[in-house]
Amino acid sequence: MSLVDLISPLDGKVFSQINSASAAETDLVIEKAAKSFENWKKVSPGDRAKLLRNFASVIDLHIEELAQLEVKNSGHTIGNARWEAGNVRDVLNYYSAAPERLFGKQIPVPNGIDITFKEPLGVVGVIVPWNFPMPIAGWGFAPALAAGNTVVLKPAELTPLTAIRIGELALEAGIPEGVFNVISGKGSVVGARFVSNPKVRKIVFTGSTDVGKTIMSGCAEQIKRVTLELGGKSANIIFADSDLDLAASNAPGAVFDNAGQDCCARSRLLVQRNVFDSFMEKFEVAVKEFQVIDPYQDNSQMGPLISKNHLSRVKGYLTDQTQIAFVGSAPSDEGFWLAPHVLIPNSLDDKSLTEEIFGPVVSVVTFEDEADAIKIANNSNFGLSGSIWSRDIGKAIRVSRAIESGNLSVNSNSSVRYWTPFGGYKQSGIGRELGPDALDAFTETKNVFFDTTR
Ligand code: NAP
Ligand code: MG
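Here's a quick rundown of the structure. Not measured: the values here are computed from a predicted model. (Residues numbered from 1 in each chain as written. Chains lettered and ligands numbered in written order. Predicted model: local features only at pLDDT ≥ 70, side-chain atom pairs only at ≥ 80, totals over all residues. Heavy atoms only, no water.)

## Things to note about the site of ligand 1
- In the vicinity of ligand 1, 29 residues are found, and the nearest of them are Glu157, Gly187, Ser208, Leu230 and Glu356.
- Take Val128: an N or O atom from its main chain is 2.7 Å from an oxygen atom of ligand 1.
- Between a nitrogen atom of ligand 1 and a main-chain N or O atom of Glu229, the distance comes to 3.4 Å.
- Classifying every residue of the shell around ligand 1 by side-chain character gives 16 nonpolar, eight polar and five charged. (Near = heavy atom within 4 Å. Polar contact = N/O pair within 3.5 Å; in protein donor to acceptor, adjacent residues only side chain to side chain. Nonpolar A, V, L, I, M, F, W, Y, C, P; charged D, E, K, R; others polar.)

Structure follows, in structure tokens:
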């Protein structure tokens with residue numbers, strides 16, 4: 001047993017300790033999940049559905065406890081943390097309908113009958129980052145369990161507490177021992193073992209593009225199935241014909257929510273040149289009103305950043321050469337606080353426009369027309385989210401079709417709805433989570449032909 005300290009972003013103080021598992025401990029848990037798979041896959045669809053609904057109900061009874069834990073461990077605002085715990089419940093409920101609807105096909109063929117089956121994969125390894133510990137865990141484990149797989153889940157080293165509690169609640173809900181396993185530890189130890197241990201048949205990874213590349217090449221060794229949800233540098237495109245008041249008042253939340261530690265953060269703000277001045281005037285008011293305060297307060301819109309290291313990494317983008325348009329406010333207390341920053345980059349190659357900062361920093365650029373907006377938006381290795389603000393429906397449709405990105409919103413900045421697919425183009429990832437098709441990523445299609453001529 002090797003213990004590591006957990007540090008609260010709110011005050012920088014150690015508030016708990018947690019086991020950091022070894023490779024040997026990881027193997028034991030994987031072994032347990034592999035054994036449990038033999039029984040779990042045989043649980044009848046109706047019973048598996050019932051167990052998942054139970055799991056959702058038990059989470060529902062613990063929303064407040066889980067939310068409080070997340071504020072302490074991750075510095076999320078209490079409003080966000082409640083939504084995040086509720087999202088785990090909702091995603092479990094959504095996929096609890098899946099076991100009884102995991103349909104195959106009957107395909108017309110000569111000389112017989114042909115049927116496809118959706119078979120579970122076995123043990124699924126879910127590797128979760130620190131920025132949204134609860135929802136990202138749920139997007140992996142809920143459909144994985146629904147499809148009949150067992151799960152080993154590794155939370156981020158910095159934010160393991162809610163996942164560990166959810167693991168306990170699964171047992172309380174009657175999910176059999178060994179079916180859903182949470183194991184805390186280092187990515188380079190526990191996560192890497194998920195990739196290399198052949199008993200893990202699939203990896204669901206969410207995190208940085210660099211680690212994603214390592215995981216993908218590790219999985220190649222065994223042709224292990226892999227879904228990757230990686231970084232982003234999403235554009236928020238404001239056309240002159242949009243409702244500028246609405247676009248401006250919503251723009252801070254689009255990038256500063258969760259202190260910008262959001263793969264969908266609209267960290268590039270593209271504003272049509274002829275409305276730049278009036279937009280920026282309204283945007284400045286909204287940024288200055290953005291409530292960066294104690295995250296336990298109900299009206300808090302942003303808390304501190306996750307860690308001292310991450311704070312200094314983000315501050316690295318704010319040098320003497322950086323042109324800052326304006327800055328919001330933040331407490332000067334202990335803890336990893338940083339006020340929202342609005343930058344005007346010197347060129348389109350500026351690293352504030354090309355690299356994922358993952359903090360409360362947005363870079364604003366202007367564009368001339370529709371074609372120019374599309375060109376700038378697509379000038380990125382990433383392609384996760386984005387927003388288009390315009391009252392011209394034809395233009396909004398054209399632009400949303402032209403942008404290379406997995407999740408776009410028109411006259412809205414919301415990217416995630418559990419009913420719809422979520423994932424990235426280009427280096428933002430491979431595969432899609434959530435929505436009606438997520439089960440395909442957790443099953444193999446088996447085709448069986450029955451010869452009726454003999
Ligand atoms: P990260 O360093 O890539 O880590 C993500 C997870 O992978 C953590 O659990 C980490 O463990 C583990 N890990 C690290 N190295 C590993 C290895 N060699 N093998 C297996 N697992 C390993 O990312 P992060 O710093 O937690 O999160 C920030 C990044 O994630 C940002 O770039 C962000 O955009 C991206 N992200 C993307 C999405 C999306 O849905 N597309 C969502 C959230 C975040 P440790 O905790 O021990 O480091
Ligand atoms: Mg990391």
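More follows now that the structure is in view.
## As for helix 13 (residues 370–378)
- Regarding helix 13, the residues found buried are Ala373, Ile374, Ile376, Ala377 and Asn378.
- Buried positions along helix 13 lie against strand 10 (235–238), strand 11 (268–272), strand 14 (361–367) and helix 14 (393–402). (Buried < 20%, exposed > 50% of the residue type's maximum accessible area, 1.4 Å probe, protein only. Helix = DSSP H or I, 4+ residues; strand = E, 2+ residues; numbered from the N terminus. Contact = heavy atoms within 4.5 Å.)

## Quick notes on the sheet that holds strand 4 (residues 112–120)
- The three strands lie next to each other as 3-4-18, forming an open sheet whose pairing is antiparallel. Every interior strand has two partners, whereas the edge strands, strand 3 (106–109) and strand 18 (443–451), have only one. The sheet shows a mean angle of 25 degrees between the axes of neighbouring strands, taken without regard to direction.
- For strand 3 and strand 4, the ladder comprises four bridges, and the chain directions are antiparallel. Pairing of Gln106 across the sheet is with Ile115, part of strand 4. (Pairing = 2+ DSSP bridges. Axes fitted to C-alpha atoms, helices over the stretch in contact; angles between N-to-C directions.)

## Let's talk about the side chain of Ser352
- By secondary structure assignment, the location of Ser352 is in helix 12 (residues 351–354).
- Side-chain polar atoms of Ser352 contact the side chain of Ser363, separated by 2.9 Å.
- Filtering out sequence-adjacent residues up to four positions away, Ser352 remains in contact with Lys233, Leu343, Pro345, Ile357 and Ser363.

## Structural notes on the sheet that holds strand 15 (residues 385–389)
- Spatial strand order, 12-13-14-11-10-15-16: seven strands in an open sheet with mixed pairing. Since the sheet does not close on itself, it has two edges, and those belong to strand 12 (324–327) and strand 16 (407–410), each with one partner. Strand-to-strand, the axes of this sheet are offset by a mean angle of 20 degrees, without reference to chain direction.
- As paired strands, strand 11 and strand 14 are joined by five bridges and run parallel to one another. Bridging across to strand 14, Val271 finds its partner in Thr366.

## Details of the packing of aromatic side chains
- Enumeration according to the criterion identifies 12 aromatic pairs in this entry.
- Between Phe141 and Phe180, the aromatic rings sit 4.4 Å apart at their centres with planes inclined by 40 degrees, giving tilted as the arrangement. Of this pair, Phe141 sits in helix 5 (residues 133–146) while Phe180 sits in strand 7 (residues 180–182), placing them 39 residues apart in sequence.
- Judged by relative accessible area, which is 1%, Phe141 ranks as buried.
- Ring pairs connect the aromatic residues Tyr94, Tyr95, Tyr418 and Trp419, which therefore count as one cluster.
- Above the ring of Trp40, the side-chain terminus of Arg48 is found at 6.0 Å from the ring centroid. (Phe/Tyr/Trp six-rings, centres within 6.5 Å; stacked < 30°, edge-to-face > 60°. Lys NZ or Arg CZ within 6 Å of the ring centre and 35° of its normal.)

## Thoughts on the packing of helix 13 against helix 14
- It is at 10 Å that the axes of helix 13 and helix 14 come closest, and there the two elements cross at 30 degrees. The angle between helix 13 and helix 14 falls in the class roughly parallel. By crossing handedness, the relation of helix 13 to helix 14 is classed as right-handed. In contact with Glu370, Ile374 and Asn378 of helix 13, helix 14 contributes Lys395, Arg398, Val399 and Ala402.
- Class assignment for the residues of the contact of helix 13 with helix 14 results in three nonpolar, one polar and three charged. (Parallel < 35°, antiparallel > 145°, perpendicular 65-115°, else oblique. Left-handed = near helix turned anticlockwise from the far one by under 90°.)

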